[in-house]
Amino acid sequence: MKKMKTAKSRPDWDEYFINIAKAVSARATCLRRKYGAVITKDNIIVSTGYNGAPSGMKDCLDVGRCTRKELEIPHGERYELCHSVHAEANAIIRASVDELKGATIYISGTDDNSQECHSEPCMMCKRMILNAKIAKVVYSDGNGRLHVVNPLRWLKKRV
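1. Thoughts on the overall build of the chain
Within the chain one finds six helices and seven strands. Walking the chain from its N terminus toward its C terminus, one meets helices and strands in the order β-α-β-β-α-α-α-α-β-β-α-β-β. What you see for the chain is a C-alpha radius of gyration of 15 Å, in line with the 15 Å of a compact globule of 159 residues. On the principal axes, the C-alpha backbone points of the chain span a range of 40 × 35 × 30 Å. A total of 159 residues make up the chain; the buried ones form 42% of that total. Within the chain, counting contacts between residues at least 6 apart in sequence, those at least 24 apart form 63% of the total.

Shown next as structure tokens:
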């Protein structure tokens with residue numbers, strides 16, 4: 001875990017790409033949380049994704065309601081009721097197998113009050129990241145710190 005710099009110095013690669021993930025999250029269409037993901041390889045952006053409805057389906061912003069919010073389902077539970085595709089999944093499906101193998105994914109999100117939130121991938125996204133053979137995951141913890149994880153660590157417990 002590392003603290004993000006606050007001085008006006010040049011950001012390191014992780015800070016640079018997590019800030020791009022934050023910008024990508026502005027396109028999200030979820031009423032509860034907005035997430036952005038950036039996949040890079042050799043410090044070059046391969047793909048981006050944000051959480052939102054599948055192509056052609058009306059999203060929660062258009063409809064003006066969220067099923068999970070209406071049912072008061074806590075964050076992290078009952079994703080099968082959500083109409084959105086997660087940011088990580090959208091970034092993964094827009095990249096080739098060769099681009100994903102050994103890549104890094106950056107994930108950042110904000111809650112419905114525009115406050116940075118904990119952005120660790122959910123169990124479904126962890127499995128997709130493992131299948132894509134992404135080598136490094138960097139996510140914000142909501143407190144100004146970044147967590148850097150080798151996804152192979154997730155194999156030690158069921159995800």
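2. Thoughts on the packing of aromatic side chains
Scanning the model with the defined rule gives four aromatic pairs in all. Their ring planes at 15° and their centres at 5.6 Å tell us that tryptophan 13 and phenylalanine 17 sit as a pair that is stacked. Note that tryptophan 13 and phenylalanine 17 are positioned in helix H1 (residues 13-25) at a spacing of four residues, about one turn of the helix. The interplanar angle of 65° and the centroid separation of 4.9 Å between the aromatic rings of tyrosine 16 and phenylalanine 17 together place this pair among those described as edge-to-face. Relative accessible area serves as the criterion here: at 39%, tyrosine 16 is assigned to the partly exposed category.

3. Some remarks on H1
The end-to-end C-alpha separation of H1 is 18 Å, in line with the 18 Å expected for 13 residues at 1.5 Å each. Listing the buried residues of H1 in full gives Asp14, Glu15, Phe17, Ile18, Ala21, Val24 and Ser25. Its side-chain oxygen placed 3.1 Å from the backbone nitrogen of aspartate 14, aspartate 12 serves as the N-cap of H1.

4. Here's the deal with the pairing of strand S6 (residues 136-140)
In terms of burial, S6 is a largely internal element, four of the five residues being buried. Where strand S4 (residues 104-111) lies against S6, four bridges are found, and the strand directions are parallel. Along S6, the bridge assignment pairs isoleucine 105 with valine 137. Here four bridges tie S6 to strand S7 (residues 145-149), and the two strands are oriented antiparallel to one another. Bridge pairing in S7 places valine 138 opposite valine 148. Hairpin remark: S6 followed by S7, antiparallel, with four residues in the connecting loop; positive phi at glycine 142, about 85°.

5. Examining helix H6 (residues 123-131)
Buried within H6 are the following residues: Cys125, Lys126, Ile129 and Leu130. Projected down its long axis, H6 carries its buried residues within an arc of 140°, all on one side. In the core, the buried residues of H6 are packed alongside helix H4 (87-93), S4 and S6. Backbone geometry just after H6 places lysine 133 at a positive phi near 65°.

6. Some points on the pattern of salt bridges
According to the stated counting rule, one finds five salt bridges in the structure shown. Linking glutamate 120 and lysine 126 is a salt bridge whose minimum nitrogen-to-oxygen distance equals 2.9 Å.

7. Side note on the nonpolar core
Ile39, Ile92, Leu100, Ile105, Ile129, Ile134 and Val137 are the most contacted members of the largest nonpolar core, which has 20 residues in total. Sequence-distant contacts of valine 137, defined by excluding residues within four places in its chain, comprise Ile105, Ile107, Pro121, Ile129, His147, Val148, Val149, Pro151 and Trp154. With eight residues, the next largest nonpolar core counts Phe17, Val38, Val138 and Leu146 among its residues.

8. Some thoughts on the environment of cysteine 122
Looking at the element boundaries, cysteine 122 is found in the loop between strand S5 (116-117) and H6. The exposure class assigned to cysteine 122 is buried, which follows from its relative accessible area of 15%. Along the backbone, cysteine 122 and asparagine 51 are 71 residues apart, and their C-alpha atoms lie at a distance of 13 Å. In this structure, cysteine 122 is in contact with Tyr79 and His86, ignoring residues within four places of it in sequence.

Procedures and definitions
- Residues numbered from 1 in each chain as written.
- Predicted model: local features only at pLDDT ≥ 70, side-chain atom pairs only at ≥ 80, totals over all residues.
- Heavy atoms only, no water.
- Helix = DSSP H or I, 4+ residues; strand = E, 2+ residues; numbered from the N terminus.
- Rg over C-alpha atoms; globule rule 2.2 N^0.38 Å.
- Buried < 20%, exposed > 50% of the residue type's maximum accessible area, 1.4 Å probe, protein only.
- Contact = heavy atoms within 4.5 Å.
- Phe/Tyr/Trp six-rings, centres within 6.5 Å; stacked < 30°, edge-to-face > 60°.
- Expected span 1.5 Å × (residues − 1).
- Polar contact = N/O pair within 3.5 Å; in protein donor to acceptor, adjacent residues only side chain to side chain.
- Pairing = 2+ DSSP bridges.
- Arc of directions from axis to C-beta.
- Salt bridge = Lys/Arg side-chain N within 4 Å of Asp/Glu carboxyl O.
- Core = buried A, V, L, I, M, F, W, Y, C linked by side-chain atoms within 4.5 Å.

Shape descriptors only; they carry no functional weight alone.
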